[in-house]
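An overview of the molecular structure
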There are 2 protein chains.
Amino acid sequence: MKDDRFLKKAHDLMPVLYETTVRPVSGMPGKDRLMRDGDGFTLDFGSHFVGYLTLALDVKRPGDDAADAPLAVEFRFFENLRENTDEPYTGGMSRSWFQNASVLIDDPYAPIELHRRYSFRYVKIRFPSNTSYSVVYKDCFVRAVTSADMTKVAPLPENTDPLLVKLDKVSLLTLRDCMQQVFEDGPKRDRRLWLGDLYLQAKTNYYTFKNNGLVLRCLYLFAGLPHDDGLLSSAVFHEPVLKNQSWVLHDYALLFVGALADYYRATGDIGVLKELWPAAYRQTELAYKSFEQCGRSANVDLFFIDWCPSLDKSCAALGMILAMFKEALYLADTVGTAWEQASLEERIKDVSSALLDMYSPDIRLFRGASGQLSAHSQMWAALAGVLGPREQKEMMKAALKAELVSPVAPYAMHYFVEALILSGLKDEAFALLKSYWGGMLDRGYDCFPEVFVPGDPEASPYGSPAMNSFCHAWSCTPSYFIRKYMLRTGPG
Amino acid sequence: MKDDRFLKKAHDLMPVLYETTVRPVSGMPGKDRLMRDGDGFTLDFGSHFVGYLTLALDVKRPGDDAADAPLAVEFRFFENLRENTDEPYTGGMSRSWFQNASVLIDDPYAPIELHRRYSFRYVKIRFPSNTSYSVVYKDCFVRAVTSADMTKVAPLPENTDPLLVKLDKVSLLTLRDCMQQVFEDGPKRDRRLWLGDLYLQAKTNYYTFKNNGLVLRCLYLFAGLPHDDGLLSSAVFHEPVLKNQSWVLHDYALLFVGALADYYRATGDIGVLKELWPAAYRQTELAYKSFEQCGRSANVDLFFIDWCPSLDKSCAALGMILAMFKEALYLADTVGTAWEQASLEERIKDVSSALLDMYSPDIRLFRGASGQLSAHSQMWAALAGVLGPREQKEMMKAALKAELVSPVAPYAMHYFVEALILSGLKDEAFALLKSYWGGMLDRGYDCFPEVFVPGDPEASPYGSPAMNSFCHAWSCTPSYFIRKYMLRTGPG
């Protein structure tokens, strides 16, 4: 199913890409180093960039002869040197995501322009062939691209905690490199517009780059490509073909409600709200239908929640449904019909009641249906505001002390931090933010990665850390927390 | 040293490249064959072509989802299936000549156009990655290019010996694919303008494609890029940079004289002859100077003669010098000064005398300085016409019967066949032509290769038959012999 009106609007909102030329800061071989037959070098661009690489070489051959054979050049692009491994990859994700290029060049005197876009800080370059001539390094640069405008970001006050300054800087860089023609999840892989990622990217964007047109473009893309029943897709391919993804995730679909509410709060654009409200409302209807069909519980198979295979999602999913139903009610009060408002109120009661059944007042914690205690259950219950404020604060305090299944993705950790803040535990929230995201800095990350487990730093949902995305949109929210809750700057 | 007037004229003679779209005749997978994870196929284009490949695929993914990862495609181009080997290559020639391409495609729905020019009949295509989608074959074609115009070639008479018809056809195809912006030695490798190859290509061209402008362009390129002493280069790089090659070969330099004489005979263009005569004459001066410096013998280190490491080149080199001095005298009689004519007459006497010293009248054969008996010594002595006609015929008859070091390259075999014809042994010449070049057809060659030794069919000067050039200009002369000596058609 396609809604061409929305897709046309999305197309018209195609962003300008800002281009910057960046040269490596180290690793360049000396102008007198002759290379061939397996020689090579690794360039470090000093920071993470997304863009197009050009390499220029000179040719040296004894007797001043011309190059007499093609030149073979191998490139390997790394966001993080953890990718610099020769271990065979056996994971399920396609090997074609590894950022390698192997080219044969007929004219080694001409600059070599690679046509694909790469996401990297390092590039390892090798000349594998036994040519009768050698090459020497002349120049290399990347034409870096982003739809984020760095000049829009307000500087932090001079007295800001240096660790927060650093976390903010890396968050901005992470978000900048994920902002392309859409909000990509990761510019290395899979370069796709996911609703879960968009939700957090948009939140951070309102406090930083303020590219609201890009958020709107992405909302239109989702609204323009629903499944046949009106459920919004978990992700949209905007290239190579504009298409939705068949993978159904109710939590992602529901985040459209939250993303629309955030957009409205940031822009006050009532026209857009009226236009997209029916799509948002439809997500609540479908989630409620599924809730009813599953005996007043969540169909956990349709919820992502986190990259955490052992997680019992039953409670977190209900909290998530409830939180988004409440966002829907906020929107319904502005543009919905009386009947929609009434339905939502009714459904909020039903889901609240099911969620409260999972609360164990004795330990002041929520349990999954299996009895499992997880951070995920507590944070979504808190974000849903199902308990009274005082009880919620006690619950989150208990959560901080208890032995819980922990967040694996920074995406999940975001909600835990936000839950702490909304429960009146701002100091604890910022302490956690500093220790968790700061732990990534300690491990030398230039950008915030897709997955970070402090006790298992090489964790990978893909069978190899080399396949991880080391610049991942959903990990960029420290800037949002710092600017929203420390500086108390407004969005927009 | 550069002569920009000649280089400008060469540039102005840049040929038109004729383009033809060709599709494979077999090997195409069915439209329902799903491929990924190492699957692939080998296309056969039915005949040898030089050009640019495009591959078009369709994407199939369960659930009608879009392709969700880049597509890795590996191409291996083969002129001959002997190249389809996984044996590691350890020869000295650069591995970068192997016609491989390994690409990662962001848009697997779009036709994949490879930008390099390939020389091939077969292309092996493989999809190495474990993508979650499969591809199916849609289309593949090559945009074949050549500066040869097939419509210029006169058909052979209907009663022509079928083997000669076949040899002519394969010769034409071989020459066609070597005719690009210059007469290349081989379109797979090394795509260079060599004087020895040009000499034979031009001879064949006058009787077939009649692209005399291309011959002239190549003569200008050599005349425009001499070494500092005026010696012409053995080869010219016309790309990636226009430059001569430092490798000095006196026999190749002398063939400029023969090539100019042939051009004049074919075109009667006295203007070009006057313009290029000084460069041609200079080659005879330098060869004579070297002959004197070496005690009235040839400096064999500066002669190629054949790809035959055990060959004693001393006699063949003298015959070659003499043959080209006689061509020079023919030109001097038309455009040279009286002094040049007289010098050449004198020098012809000197070289003849040195060459005759190597003749053994008892066995009616020429011997190299080491005493070695080779086909090469006899053929160049015959082409030089150093004996009387009757004695020369007896010498070549003896050569046919004797145990001699044999030609390795068809380039050398050409001179042996021509020597037989010029010695009144046309039947023997054509019998040899049929058995030698016919032997290549028997071994399934589509084009005539760079090297062919009947008793050692996998011979390679490069340490591996996979590195051989299977479509090589200097092997195209059967068409010349058939059309000049059987049909007695004139050139031009």
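Residues numbered from 1 in each chain as written. Chains lettered and ligands numbered in written order. Predicted model: local features only at pLDDT ≥ 70, side-chain atom pairs only at ≥ 80, totals over all residues.

Turning our attention to the overall build of chain A. A tally of helices and strands in chain A yields 13 helices and 12 strands. Rg of the C-alpha trace for chain A: 25 Å, near the compact-globule value of 23 Å for 492 residues, within the 12% margin. The buried share of chain A, taken over its 492 residues, is 51%. For chain A, long-range pairs separated by at least 24 residues make up 77% of all intrachain contacts whose partners lie at least 6 apart in sequence. (Helix = DSSP H or I, 4+ residues; strand = E, 2+ residues; numbered from the N terminus. Rg over C-alpha atoms; globule rule 2.2 N^0.38 Å. Buried ≥ 20, exposed ≤ 12 C-beta atoms within 10 Å, placed from the backbone. Contact = placed C-beta atoms within 7 Å.)

Residue and element names in this part refer to chain B. Across the sheet, three strands lie side by side as E8-E9-E10; this open sheet has antiparallel pairing. At either end of the open sheet lies a strand with only one pairing partner, and these are strand E8 (193-194) and strand E10 (243-244). Direction of pairing for E8 relative to strand E9 (residues 235-237): antiparallel, over a ladder of two bridges. Following the sheet pairing, Leu193 is matched in E9 by Val236. (Pairing = 2+ DSSP bridges.)

Overlaying chain B with chain A gives an RMSD of 0.1 Å, the required rotation being 180 degrees about an axis along which the chain moves by 0.1 Å. Considering both components of the superposition, the chain copies are consistent with a two-fold axis. For chain B, the smallest separation between a C-alpha atom and the rotation axis is recorded for Ser102 of chain B, amounting to 3.2 Å. When the interface residues of chain B are mapped onto chain A, 100% of them again fall at the interface, so both copies present the same face. (Least-squares fit on C-alpha atoms with pLDDT ≥ 70 in both.)

Attention now goes to the packing of helix H3 (residues 195-206) of chain A against helix H5 (residues 250-267) of chain A. Residues and elements named next belong to chain A. Running from N to C, H3 and H5 point in directions that differ by 15 degrees, and their axes come no closer than 8 Å. The orientation of H3 relative to H5 falls into the category roughly parallel. Taken as a pair, H3 and H5 cross one another with a handedness that is left-handed. Residues Leu195, Gly196, Leu198, Tyr199, Ala202, Lys203 and Tyr206 of H3 pack against Tyr252, Ala253, Leu255, Phe256, Gly258, Ala259, Asp262, Tyr263 and Ala266 of H5. For the contact of H3 with H5, the class distribution of residues is 12 nonpolar, two polar and two charged. (Axes fitted to C-alpha atoms, helices over the stretch in contact; angles between N-to-C directions. Parallel < 35°, antiparallel > 145°, perpendicular 65-115°, else oblique. Left-handed = near helix turned anticlockwise from the far one by under 90°. Nonpolar A, V, L, I, M, F, W, Y, C, P; charged D, E, K, R; others polar.)

Following Arg189 of chain A, the chain continues into Asp190 of chain A via a peptide bond in cis, with omega recorded as -5 degrees. Position of Asp190 of chain A relative to the elements: it lies in the loop between helix H2 (162-178) and strand E8 (193-194). Looking along the chain, the bond that leaves Glu239 of chain B and enters Pro240 of chain B is cis, with omega of 0 degrees. Following the sequence through the fold, Pro240 of chain B ends up in the loop between E9 and E10. Although it is not a glycine, Arg364 of chain A adopts a positive phi angle of roughly 55 degrees.

Before going further, it helps to spend a moment on the interface of chain B and chain A. Of the residues lining the interface, 34 residues belong to chain B; the matching set on chain A comes to 34 residues. At the level of elements, strand E3 (71-78) and strand E4 (100-105) of chain B are the ones that each hand at least two residues to the side of chain B that touches chain A. Here the residues of the side of chain B that touches chain A sort into 14 nonpolar, 10 polar and 10 charged.

Quick look at the environment of Ser406 of chain A now. All names here are of chain A. Along the chain, Ser406 falls in the loop between helix H10 (389-401) and helix H11 (410-422). The partly exposed category is assigned to Ser406, around which 18 C-beta atoms lie within 10 Å. For the pair formed by Ser406 and Phe416, sequence separation is 10 residues and the distance between their alpha carbons is 9.7 Å.

The next thing to look at is the domain arrangement of chain A. Residues and elements named next belong to chain A. If you check the domain split of chain A, you get domain 1 (24-146) and domain 2 (152-486). Placing the centre of domain 1 and that of domain 2 at their C-alpha centroids yields a distance of 39 Å. At the interface, 20 residues of domain 1 touch 19 residues of domain 2. At the level of secondary structure, the elements contributing two or more residues to the side of domain 1 that touches domain 2 comprise strand E2 (39-60), strand E6 (118-127) and strand E7 (134-146). The element contributing the most residues to the side of domain 1 that touches domain 2 is E2, with four residues. The class makeup of the residues in the side of domain 1 that touches domain 2 is six nonpolar, 10 polar and four charged. (Domains from an automatic or database assignment.)

What follows deals with the sheet that holds strand E10 (residues 243-244) of chain A. Residue and element names in this part refer to chain A. Strand order in the open sheet formed by three strands is E8-E9-E10, with antiparallel pairing between adjacent strands. Sheet topology places E8 and E10 at the edges, where each strand pairs with a single neighbour. Where strand E9 (residues 235-237) and E10 come together, two bridges link them in antiparallel fashion. By the bridge assignment for E10, Phe237 is matched with Lys243.

Moving on to the packing of helix H7 (residues 314-335) of chain B against helix H8 (residues 338-356) of chain B. Residue and element names in this part refer to chain B. Packing of H7 against H8 brings their axes to within 9 Å, and their N-to-C directions diverge by 160 degrees. Relative to H8, the element H7 lies roughly antiparallel. Every pair of crossing elements has a handedness; the one defined by H7 and H8 is left-handed. Each of Leu318, Gly319, Ile321, Leu322, Phe325, Lys326, Ala328, Leu329, Ala332 and Asp333 in H7 lies in contact with H8, whose residues at this interface are Glu340, Gln341, Leu344, Glu345, Arg347, Ile348, Val351, Ser352, Ala354 and Leu355. Looking at the contact of H7 with H8 residue by residue, the classes come out as 12 nonpolar, three polar and five charged.

Once that is clear, we can look at helix H13 (residues 478-486) of chain B. For H13 of chain B, the complete set of buried residues consists of Pro478, Ser479, Tyr480, Phe481, Ile482 and Arg483 of chain B. Turning to H13 of chain B, the residues buried within the fold contact helix H2 (162-178), helix H3 (195-206), helix H11 (410-422) and helix H12 (426-442) of chain B.

Attention now goes to helix H9 (residues 375-384) of chain A. Residues and elements named next belong to chain A. Most of H9 is tucked away, with 10 of its 10 residues classed as buried. If you check which residues of H9 are buried, you get Ala375, His376, Ser377, Gln378, Met379, Trp380, Ala381, Ala382, Leu383 and Ala384. Looking one or two places after H9, you find Gly385, whose phi comes out positive at around 60 degrees.

So, on to the environment of Ile421 of chain B. Residues and elements named next belong to chain B. Residue position: Ile421 is located in helix H11. When the 19 C-beta atoms within 10 Å are taken as the criterion, Ile421 is described as partly exposed. Taking the C-alpha atoms as reference points, Ile421 and Ser469, 48 residues apart in sequence, are found 28 Å from one another. Non-local contacts of Ile421, meaning those with residues more than four positions away in its chain, are made with Lys426, Ala429 and Tyr485.

On to the environment of Ser94 of chain A. As for its placement among the helices and strands, Ser94 of chain A is situated in the loop between strand E3 (71-78) and strand E4 (100-105). Separated by 373 residues in sequence, Ser94 of chain A and Met467 of chain A place their C-alpha atoms 9.1 Å apart. Those residues within four positions of Ser94 of chain A in sequence are excluded, and the remaining contacts are Ala69, Ser129, Asn130, Thr131 and Ser132 of chain B.

Before going further, it helps to spend a moment on the pairing of E7 of chain A. All names here are of chain A. Direction of pairing for strand E1 (residues 18-22) relative to E7: antiparallel, over a ladder of five bridges. If you follow Val22 over to E7, its bridge partner there is Val142. Here E2 pairs with E7 via 10 bridges, running antiparallel. Bridge assignment links Gly51 to a residue of E7, and that residue is Ala144.

Residues and elements named next belong to chain B. Of all 10 residues in strand E6 (residues 118-127), eight are buried, a share of seventy percent or more. Where strand E2 (residues 39-60) and E6 come together, nine bridges link them in antiparallel fashion. Each residue of the ladder has a partner; that of Leu43, found in E6, is Val123. Of the strand pairs in this sheet, E3 and E6 are connected by five bridges, and their pairing is antiparallel. Along E6, the bridge assignment pairs Arg76 with Lys124.

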